[in-house]
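Residue-level structural notes
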Amino acid sequence: MIGIGLLVIRIVIGLSFVGHGAQKLFGWFGGHGLKGTGGWFDSIGMKPGITMALFAGLSELIGGAFFALGLLTPFAGILIALTMLVAIFKVHGANGYWATQNGYEYNLAILAVAIGVALTGAGPYSLDSFLF
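Summary of the structure given here. Remember, predicted model here, so these are calculated numbers, not experimental data. (Residues numbered from 1 in each chain as written. Predicted model: local features only at pLDDT ≥ 70, side-chain atom pairs only at ≥ 80, totals over all residues. Heavy atoms only, no water.)

The next thing to look at is unusual backbone geometry. Pro48 follows Lys47 through a cis peptide bond whose omega is -10°. Tracing the backbone through its elements, the reader meets Pro48 in the loop between α2 (33-43) and α3 (49-69). Look at Phe29: it is not a glycine, yet its phi comes out positive at around 55°. Relative to the helices and strands, Phe29 is located in the loop between α1 (2-26) and α2. Note on Phe29: relative accessible area 61%, which makes it exposed. (Helix = DSSP H or I, 4+ residues; strand = E, 2+ residues; numbered from the N terminus. Buried < 20%, exposed > 50% of the residue type's maximum accessible area, 1.4 Å probe, protein only.)

The next subject is α3. An α-helix turns once every 3.6 residues. As a result, residues three or four positions apart point the same way. Compared with the 30 Å implied by 1.5 Å per residue over 21 residues, the 30 Å span of α3 between its first and last C-alpha is a close match. If you check which residues of α3 are buried, you get Gly49, Ala53, Ala56, Gly57, Glu60, Gly63, Gly64, Phe67 and Ala68. Take α3 and look down its axis: the buried residues cluster within an arc of 150°, on one side only. Against the buried residues of α3 lie α1, α2, α4 (73-92) and α5 (105-120). (Expected span 1.5 Å × (residues − 1). Arc of directions from axis to C-beta. Contact = heavy atoms within 4.5 Å.)

In this section: the layout of surface pockets. Considering only enclosed or pocket space, the largest pocket measures out at about 660 Å³ in volume. Lining the largest pocket we find 29 residues, and of these Lys24, Phe41, Glu60, Thr83 and Ala87 sit closest to its centre. Listing elements by their share of the lining of the largest pocket, those giving two or more residues are α1, α2, α3, α4 and α5. If one sorts the elements of the lining of the largest pocket by residue count, α4 sits on top with 9 residues. Across the lining of the largest pocket, the residue classes tally to 15 nonpolar, 11 polar and 3 charged. (1 Å grid on protein atoms, 1.4 Å probe; cavity = no way out; pocket = protein on both sides within 12 Å on 5 of 7 lines; lining within 4 Å. Points joined across faces, edges and corners; volume = space filled by probe spheres on them. Nonpolar A, V, L, I, M, F, W, Y, C, P; charged D, E, K, R; others polar.)

Printed below as a string of structure tokens:
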């Protein structure tokens, strides 16, 4: 049952991050694409904005896909964790803990899941277990 639990966690978190990456990179799912996201990154001091948006989008898209598949899971977990650390320190941290106040509660929960799965392993229903 642990393997199925890890699979559910990996798929939900991983595909959510694929979607967030696609929002930043391509403007899909209501996102603003590189230009719009880059402009927002510039406005919060992350310069050059478009380059930073590209890095964030790629980290989310690749990290999320690998996490969902259970492929190179420690690497995928690190990409997701780094993305959440940036979100905490650059956007949400100053707002306190609670998500209802635009705080870092959600980001910290995702960070814990990413690190937890990266340290635990992807489980038996993963490409890692098939390949390694």
